[in-house]
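Coordinate analysis (summary)
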Amino acid sequence: MTRKRECIGDQSSTDASSYEEDDLRKFCAKIKCEEISFETWQENHTKLDLMYPLKVCRSQLGQTPTAVIKLSRTIITTSTNGRRVEQREKFECEISLSEIPKDKKVLKYPGLGDRTDDAAGDLLIILTISD
């Protein structure tokens, strides 16, 4: 966007830049930023849910009663000496396609997501049915 200004008298280019700086300061004064540490952000945004997109043709829904998907999840435990141990675990999950309601888009399997000590997330299958 271009703004036109009328020059009154003999104004130098430094006066024009000071106007722009004033405009920038006014704009920035309206913006509020919250400063938090990465550790605080990470504590507030830790999710153990595991999301998996699954695309299925409508014709497959009638022919195939189940689908087997292969996944891996993260398991974080605290050892007896207080050290955190992170492991990856591979597993398979069998999903029944014959019982899926036509309007359901997300299938939820509690406790099959990532794990941290005693907490476990959910496995969320995001279902996309194509024609």
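Read on for an overview of the structure. (Residues numbered from 1 in each chain as written. Predicted model: local features only at pLDDT ≥ 70, side-chain atom pairs only at ≥ 80, totals over all residues. Heavy atoms only, no water.)

Looking now at the overall build of the protein. In terms of regular secondary structure, the protein is built from 3 helices and 7 strands. Buried residues in the protein amount to 19% of all 131 residues. Restricting the contact set of the protein to residue pairs at least 6 apart, pairs at least 24 apart contribute 51%. (Helix = DSSP H or I, 4+ residues; strand = E, 2+ residues; numbered from the N terminus. Buried < 20%, exposed > 50% of the residue type's maximum accessible area, 1.4 Å probe, protein only. Contact = heavy atoms within 4.5 Å.)

Residues Leu-54, Ile-69, Cys-93, Ile-95, Leu-123 and Ile-125 are the most contacted members of the largest nonpolar core, which totals 14 residues. Secondary structure elements with two or more residues in this core: β1 (50–57), β2 (66–78), β3 (84–96) and β7 (123–130). (Core = buried A, V, L, I, M, F, W, Y, C linked by side-chain atoms within 4.5 Å.)

So, about the side chain of Asp-114. For Asp-114, the position within the fold is in the loop between β4 (106–109) and β5 (115–116). Buried and unpaired, Asp-114 has Arg-88 as its nearest opposite-charge partner, separated by 4.8 Å. When near neighbours in sequence (up to four residues on either side) are disregarded, Asp-114 contacts Leu-48, Leu-50, Arg-73, Thr-74, Ala-119, Ala-120 and Gly-121. (Lys, Arg positive; Asp, Glu negative; His and termini not counted. Salt bridge = Lys/Arg side-chain N within 4 Å of Asp/Glu carboxyl O.)

Turning our attention to the sheet that holds β1. Strand order in the open sheet made by the 3 strands is β1-β7-β4, with mixed pairing throughout. One side of each edge strand has no neighbouring strand; the edge strands of this open sheet are β1 and β4. Each adjacent strand pair in this sheet contributes to an overall mean axis angle of 25°, direction not counted. The pairing of β1 with β7 spans 8 bridges and is classified as parallel. Bridge pairing links Leu-50 to Leu-123 in β7. (Pairing = 2+ DSSP bridges. Axes fitted to C-alpha atoms, helices over the stretch in contact; angles between N-to-C directions.)

In this sheet, β7 lies alongside β4 in antiparallel orientation, the contact comprising 4 bridges. When the sheet's bridge partners are listed, Lys-108 is paired in β7 with Leu-124.

Take the pattern of salt bridges next. In total, this model carries 4 salt bridges according to the counting rule given. Between Arg-25 and Glu-21 there is a salt bridge, and its shortest N-O distance comes to 3.7 Å. In this pair, Arg-25 and Glu-21 are both assigned in helix α1 (residues 13–30), 4 residues apart and thus about one turn of the helix distant. Exposure remark for Glu-21: the relative accessible area of 43% places this residue in the partly exposed category. Note that Glu-89 and Arg-73 form a salt bridge whose closest N and O atoms lie 2.6 Å from each other. A residue pair is termed long-range when its members are at least 10 positions apart, and Glu-89 in strand β3 and Arg-73 in strand β2 qualify at 16 residues. Assessed through its relative accessible area of 7%, Arg-73 is described here as buried. Residues participating in the shared-partner salt-bridge network are Glu-21, Asp-22 and Arg-25.

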